[in-house]
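# Architecture and fold: a report
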Amino acid sequence: MTAVTLGMPRVRGRAPAASPADGLAQGRPDTDALVDRYGRVARDLRISITEKCTLRCTYCMPAEGLPAIPREHLLTPVEIARLVRVAVGRLGITDVRFTGGEPLVRRDLAEILRLSRAAAPDVSLSMTTNAIGLDKRVDELVAAGLDRVNISLDSVDREDFARLTRRDRLPDVLAGVRAALAAGLAPVKLNAVLMPETVAGAVDLLAWAVDHGCHLRFIEQMPLDADGNWSRADLVSAADLLAVLGERFALTAVGRDDPSAPAEEWLVDGGPQTVGIIASVTRSFCGDCDRTRLTAEGTVRSCLFGDDETDLRAILRASDLDEDARDDAIARTWQGAMWVKPFAHGMDDAAPGRDPESFAATARSMGAIGG
Ligand code: SAM
Ligand code: SF4
């Protein structure tokens with residue numbers, strides 16, 4: 001059996017206090033934006049706020065859940081809002097998305113949103129969620145500043161859902177989707193990861209999404225499951241999925257909304273509804289990636305698949321810095337971390353003869369990074 005841990009990424013500390021041409025940021029142009037060596041600019045920030053979850057999706061979490069992060073290691077609402085303020089005010093971030101684990105597990109989620117909204121009044125604040133319990137909290141969250149939600153829903157078949165998530169909670173998720181729609185959080189996006197055993201249900205899921213006015217996007221399963229069971233042979237690829245959907249729906253390709261949007265869109269039965277397919281494995285979009293990620297413990301991850309992380313929590317809590325110096329150190333360290341973002345998953349280690357379809361496993365699984 002594979003031992004499950006939160007992972008032991010390589011963690012870097014504070015950037016040296018000197019010119020931007022120093023240390024981590026060698027060769028970096030003089031700009032505030034989160035640029036990298038390949039000309040990409042990160043404008044989309046994903047913040048994981050917990051490793052805990054109400055589901056145990058087999059492609060993400062181990063059956064027993066992830067080991068608990070010690071409470072004192074988790075960022076507080078004040079610390080999260082401070083990072084949002086620096087990211088938006090100084091580093092050019094335009095979209096902030098809370099994720100996990102399951103963000104709704106945090107009882108102080110409304111406080112996180114309220115302080116983040118106050119820190120960055122004009123930024124887009126969204127959340128990726130399994131929607132369990134959303135029906136009871138959506139009004140409070142919208143009042144606190146939530147603009148949009150992406151809800152993960154892999155099947156509308158109760159048995160398939162329970163098998164895949166190891167929990168019989170489909171009715172709770174559907175209640176959450178309906179609550180999001182009723183609260184006016186349009187467009188409500190649904191994210192679905194398919195496994196070979198659930199691919200046949202994809203047509204019913206799309207029909208449900210179309211009926212309820214939700215925008216469904218299928219995501220290829222990436223090798224980020226905590227159990228390490230991912231296998232290329234079992235992948236339900238975008239091509240497999242199109243074949244299955246094509247048996248029920250007429251799909252017309254309409255391309256991507258913008259180059260950094262990972263989903264390729266297809267009109268369903270002539271539209272206006274579309275379905276998105278995110279071919280994260282078979283058609284990597286790393287070249288257009290505009291993301292930067294924070295883990296729940298306050299480290300920057302420049303790439304889903306890179307295990308290098310850079311610690312911001314120590315700066316947030318350093319007693320030798322005044323407020324301005326703290327913000328400067330956060331900004332400089334974050335810029336340095338993004339400057340060395342790898343070009344693509346595993347590509348920095350490319351060796352002659354390497355199988356281009358092989359992917360190195362990461363120390364952290366998706367639930368511990370934040371998808
Ligand atoms: N619990 C929330 C949820 O499920 O929406 C937020 C966290 S979850 C890690 C974020 C997204 O990552 C979900 O849409 C989930 O389907 C996706 N995800 C998790 N593991 C994945 C994997 N191995 N490959 C592709 N997507 C994955
Ligand atoms: Fe939980 Fe989301 Fe991972 Fe499913 S995908 S186990 S809901 S964190």
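Residues numbered from 1 in each chain as written. Chains lettered and ligands numbered in written order. Predicted model: local features only at pLDDT ≥ 70, side-chain atom pairs only at ≥ 80, totals over all residues. Heavy atoms only, no water.

### Digging into the overall build of the chain
Put simply, the test is: Numbering of helices and strands starts at the N terminus; helices are DSSP runs of H or I of at least 4 residues and strands are runs of E of at least 2. Per-residue accessibility, obtained with a 1.4 Å probe over protein chains only, is compared with the maximum for each type, and a residue is labelled buried under 20%, exposed over 50%, and partly exposed between these values. Here, two residues are considered to be in contact whenever any of their heavy atoms come within 4.5 Å of each other. Residue burial considers only the protein chains on display, and all accessible areas are found by Shrake-Rupley using a 1.4 Å probe.
Helix and strand counts for the chain come out as 10 helices and 15 strands. Each of the 371 residues in the chain was classed as buried or not, and the buried ones make up 54%. Counting only contacts in the chain whose residues sit at least 6 apart along the sequence, the fraction spanning at least 24 positions is 73%. Entry remark: accessible area of the chain is about 15600 Å², with carbon and sulfur atoms responsible for 52%.

### A word on the side chain of T99
Looking at where T99 falls in the secondary structure, it is placed in strand β5 (residues 95-99). We classify T99 as buried; its relative accessible area is 3%.

### Some thoughts on the site of ligand 1
Going by this rule: By convention in this text, a residue qualifies as near a molecule or strand provided that one of its non-hydrogen atoms is within 4 Å of it. Side-chain atoms alone can form a polar contact between residues adjacent in sequence; in general such a contact is a pair of N or O atoms within 3.5 Å, and within protein one must be able to donate a hydrogen while the other accepts it.
Neighbouring ligand 1 are 18 residues, the closest being Y59, G101, E102, S152 and M222. The backbone of Y59 places a nitrogen or oxygen atom 2.9 Å from a nitrogen atom of ligand 1. Within the backbone of M222, one N or O atom sits 2.8 Å away from a nitrogen atom of ligand 1. Here ligand 1, which alone exposes 540 Å², has 95% of that area covered by the protein.

### Thoughts on the pairing of strand β4 (residues 44-48)
Put simply, the rule reads: Note: two strands are recorded as paired if DSSP finds a minimum of 2 bridges between them. Orient the strands so they point away from the viewer, and a crossover whose first-strand-to-second-strand path over the helix runs clockwise is right-handed.
The buried fraction of β4 amounts to 5 of the 5 residues, a majority that puts the element mostly inside the structure. Residues D44, R46 and S48 line one face of β4 and the alternating positions L45 and I47 line the opposite face, and both faces are buried. Examined bridge by bridge, β4 and β5 share 5 bridges and lie parallel to one another. Pairing of D44 across the sheet is with D95, part of β5. Since β4 and β5 lie parallel, the crossover through helix α1 (residues 77-91) that links them has a hand, and here it is right-handed. For β4 and strand β13 (residues 291-294), the ladder comprises 4 bridges, and the chain directions are parallel. When the sheet's bridge partners are listed, R46 is paired in β13 with R293.

### Some remarks on the environment of G306
With respect to the helices and strands, G306 occurs in the loop between β14 (299-301) and β15 (308-311). Considered as a pair, G306 and R10 are 296 residues apart in the sequence and their alpha carbons are 9.5 Å apart.

### What to know about the pairing of β5
Counting buried positions along β5 gives 4 out of 5 residues, so the element sits mostly inside the fold. Where the polypeptide runs from β5 across helix α2 (residues 109-119) and back to strand β6 (residues 124-129), its parallel neighbour, the crossover connection is right-handed.

### Side note on the state of the cysteines
Stated precisely, the cut-off is as follows: Note that a disulfide, as used here, is simply two cysteine sulfur atoms within 2.5 Å.
All chains considered together, the criterion is met by 0 disulfides. C286 provides the cysteine sulfur closest to C289, a residue in no disulfide bond, and the two sulfurs are 6.9 Å apart. On the basis of relative accessible area, C289 is assigned to the partly exposed category, the value being 22%.

### Focus on helix α4 (residues 158-165)
Given 3.6 residues per helical turn, the α-helix brings residues three or four places apart onto the same face. How we decide: The directions considered for the arc run from the helix axis to the C-beta atoms.
For α4, the set of buried residues is D160, F161, L164 and T165. Down the axis of α4, the smallest arc covering the buried residues is 110 degrees, so these residues share one side. Tucked into the core, α4 has its buried residues touching α5 (170-182) and β8 (189-193). Count one or two residues on from α4 and you reach R166, which has phi positive near 60 degrees.

### Comments concerning the pattern of salt bridges
Put simply, the rule reads: Any carboxyl oxygen of Asp or Glu within 4 Å of a side-chain nitrogen of Lys or Arg constitutes a salt bridge here.
For the structure shown, the criterion picks out 22 salt bridges. Residue R169 pairs with D172 through a salt bridge whose shortest N-O separation is 2.7 Å. We note a salt bridge from R248 to D204, for which the minimum N-O separation is 2.9 Å. Taken together, the positions of R248 in the loop between α7 (238-246) and β10 (251-255) and D204 in helix α6 (residues 202-211) put the pair 44 residues apart, joining distant regions of the chain. Overall, D204 belongs to the partly exposed group, its relative accessible area being 41%. Through salt bridges that share partners, R82, R85, E323, R326 and D327 make up one connected network.

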